Structures are given as C-alpha cells and as structure tokens.
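Listed here are the chains, written in short residue letters.
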Amino acid sequence: MSTRTLVSPLALARPRGKAVYWTVFTGVVLLFALAFLFPAYWMVTGAMKSPDEVTRTPPTLVPQHWSLGGYTDAWDLMDLPTHLWNTVVQATGAWILQFVLCTAAAYALSKLKPAFGKLILGGILATLMVPAQALVVPKYLTVADLPLIHTSLLNDPLGIWLPAVANAFNLYLLKRFFDQIPRDVLEAAEIDGAGRLRTLWSIVLPMSRPVLGVVSIFALVAVWQDFLWPLMVFSDTDKQPISVALVQLSQNIQLTVLIAAMVIASIPMVVMFLVFQRHIIAGISAGSTKG
C-alpha cells in the first residue's frame, strides 16, 4: 500500500521539484541549527568581549577584540578545578549507586515477580506525586542526623548520593524496558545454566543499553544542575559543586568572567551527552531482537 505525501514522487523526480525540495530542506535545517547553536555561540563569544562591550546596546554580534582573559580569570579566580571536581565526584557517585540499585530493583519487579510486586511498584510510583520541594525539609533532617547511627552527612558526598539513589522515574523507565524483553531469551539463558545474576549481567544489560544511556543522562544531569539541595548540604565552600559556587562567587566577579565560568561548567555535560548519545544509537541495533 502506497503512502500519500504532500508532494507526489513524480513531482519530486522533476528537476524543478528536486530544486524546490532541497532548497526548503536546507533552509529548515539551517534555521533549526541557528536556533539551537546561536545561544551557545553568544555565550562563548560573550566571554571573549570586554566588560563594556558585553553590556553595550545594541549588542555586537562579533567581539571587537578577541580575548581569552575571561576564561583564564574564571579558571583562577573562581577556583573552578576544585568545584568541578566536587561536582564530578557527587554526580558520579549518585549515578553509580542509582544505576546499580535501580537496575536491580527494576529487574526484580519485571522478571523475578516478587510477592506484592505490583503493590510495591504502586507505592514507588506514588512518590512521584509528592512535590520535590515538600521533601527538602525531611531529607535535610534525615541527612543532618541519620537515624539509628546518628551521624551527620552534611558536607559529605553521601548527603548527595543517598537521596539520589531512590529515583522512581528512572526505576519505572527501566522496568518498562525490561518488560519488553522476550521471555524466550531469558529461558534460553536459563537452559544454558545461567543464574539470575548472570542473566542480568550477560543478557538483560547488553540488550538494555538504549534505556541505560537515557537513565544515565537523567541521573547525571539531575545532580549536575541541582542547586537547592547541594546548597543546603554543603556549607563548606571548598566542597560545594559548580552550580552552587557560581552563585556564591558571582557577586564581585565581572560579567565576562561569570559567562566564561558558565561556559566551562557546561562543557562536561555537553561531552557526556555526546558520549551517551553514541551508545544509545549503537544500543538500538545491538539490543534488537527478532520476534
């Protein structure tokens, strides 16, 4: 059965039709590329302008005098290496713990079918209805005085890691993806003598690379861009992540230096997204199964 389109294949096959098609296609692609890339260009070049030029009206599209002084000043004056490292430690730890525990919980709820599994899943999903702001005070009181052992996790990366582990949304994404894995594949692994952990490691996880990439992006970005919770946990300036440090140290900093610091802080997230994007695309073909 043929598919009807706005322009018939016969019209597209003509020289005029091809010219119009490629003109419209190129124009749309350039328009979307400009809409997405122009803000990034504006930030990168804004840090290369002088303080007077960056606030000039009307603004200049291209810096009159290119200078990397804003980036070097941001790196030194705002102590970006320390705060970036703090952010990497906090985001990586939260990602690893969330990756392990959410994957194990989703696998158990999806394939092991525990008793009261649907009730447990319903309780987990019910937490999504609670506003995040309503949990700030209980989380802070818990972290300030951990029950049973009465230990404070303030100014400690564990204060970021432990609350980030229980992520109901990512757990639900993983469970829904695990539900789509054919039972025949798991039964074949069981016949070959693979246990449940071996099946999870050798069969389920390789087939789940697309959703694992998405969950990893969500987990890392959530910690990297969070501001309120790290501000409450870390009163020690030397242990604060980049999101908090940029606000705390921006009061007496020139605007160009602050823009440069924001550009530097965004580079790891851009690199991380590009890396995981490659794994998502590769996982779509690697994780496909025949019905």
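Details of the structure are given in the entry above.
Given the structure is predicted, the values throughout are model-derived calculations rather than measurements. (Residues numbered from 1 in each chain as written. Predicted model: local features only at pLDDT ≥ 70, side-chain atom pairs only at ≥ 80, totals over all residues. Heavy atoms only, no water.)

(A) Structural detail: the overall build of the protein. A tally of helices and strands in the protein yields 15 helices and zero strands. A compact globule built from 291 residues would reach a C-alpha radius of gyration of about 19 Å, whereas the protein, at 25 Å, exceeds it by more than 25%. Referenced to the eigenvectors of the C-alpha coordinate spread, the extents of the protein come out at roughly 75 × 70 × 35 Å. By the burial criterion, 32% of the 291 residues in the protein qualify as buried. Within the protein, contacts between residues at least 6 apart in sequence are counted, and of these 71% link residues at least 24 apart. In the protein, the 19 positive side-chain charges and the 15 negative ones have mean positions that sit 21 Å from each other. (Helix = DSSP H or I, 4+ residues; strand = E, 2+ residues; numbered from the N terminus. Rg over C-alpha atoms; globule rule 2.2 N^0.38 Å. Buried < 20%, exposed > 50% of the residue type's maximum accessible area, 1.4 Å probe, protein only. Contact = heavy atoms within 4.5 Å. Lys, Arg positive; Asp, Glu negative; His and termini not counted. Charge placed at Lys NZ, Arg CZ, Asp CG, Glu CD.)

(B) Representation of the environment of Leu205. With respect to the helices and strands, the residue Leu205 is situated in helix α11 (residues 196–207). For Leu205, a relative accessible area of 14% gives the class buried. Note: C-alpha distance between Leu205 and Thr256 (51 residues apart in sequence) is 45 Å. Look past the residues within four positions of Leu205 in its chain and what remains in contact with it is Thr103, Leu200 and Leu212.

(C) Quick look at the packing of aromatic side chains. Scanning all chains against the criterion turns up five aromatic pairs. Both rings, one in Trp22 and one in Phe25, keep their centres 5.7 Å apart while their planes meet at 90°; by these two values the pair is edge-to-face. Remark: Phe25 and Trp22 occur in helix α2 (residues 15–46); sequence separation between them is three residues, near one turn of the helix. A centroid spacing of 6.0 Å and a plane angle of 45° characterise the contact between Phe169 and Phe218, whose relative ring orientation is tilted. Remark: Phe218 occurs in helix α12 (residues 209–225) and Phe169 occurs in helix α9 (residues 168–179); sequence separation between them is 49 residues. Using a relative accessible area of 41% as the deciding quantity, one classes Phe169 as partly exposed. Cation over ring: Lys49 sits above Trp42, and NZ or CZ is 4.3 Å from the ring centre. A cation over an aromatic ring shows up here: Lys139 above the ring of Trp229, its NZ or CZ 4.6 Å from the ring centre. (Phe/Tyr/Trp six-rings, centres within 6.5 Å; stacked < 30°, edge-to-face > 60°. Lys NZ or Arg CZ within 6 Å of the ring centre and 35° of its normal.)

(D) Summary view of the layout of surface pockets. Estimated volume of the largest pocket: approximately 990 Å³. Along the walls of the largest pocket sit 29 residues, with Ala132, Lys139, Pro163, Ala166 and Asn167 positioned nearest its centre. Among the secondary structure elements, those contributing two or more residues to the lining of the largest pocket are α5 (80–112), α7 (136–144), α8 (158–165), α9, α12 and α13 (228–233). Here the lining of the largest pocket is composed, by residue class, of 22 nonpolar, five polar and two charged. (1 Å grid on protein atoms, 1.4 Å probe; cavity = no way out; pocket = protein on both sides within 12 Å on 5 of 7 lines; lining within 4 Å. Points joined across faces, edges and corners; volume = space filled by probe spheres on them. Nonpolar A, V, L, I, M, F, W, Y, C, P; charged D, E, K, R; others polar.)

(E) Up close: a nonpolar patch on the surface. Nonpolar side chains collect at one region of the surface, where Val20, Val24, Val28, Leu31, Phe32, Phe36 and Leu37 lie side by side and expose about 740 Å² of accessible area between them. Of note, Val24 is situated in helix α2. (Patch = residues over 30% accessible without salt bridge, like charges linked within 9 Å, V, L, I, M, F, W, Y side chains within 5 Å. Areas by Shrake-Rupley, 256 points an atom, 1.4 Å probe, with all protein chains shown as cover. Salt bridge = Lys/Arg side-chain N within 4 Å of Asp/Glu carboxyl O.)

(F) Quick look at the pattern of salt bridges. All chains considered together, the criterion is met by three salt bridges. Ionic pairing is found between Lys175 and Asp179, a salt bridge with its closest N-O pair at 2.9 Å. Of the two residues, Lys175 and Asp179 are both situated in helix α9; the distance of four residues between them amounts to about one turn of the helix. Classification of Lys175 as buried rests on a relative accessible area of 11%. For the salt bridge of Glu190 with Arg183, the shortest nitrogen-to-oxygen distance reads 3.7 Å. Take Glu190: its relative accessible area is 45%, and that puts it in the partly exposed class.

Function cannot be inferred from these measures alone, as they are strictly geometric.
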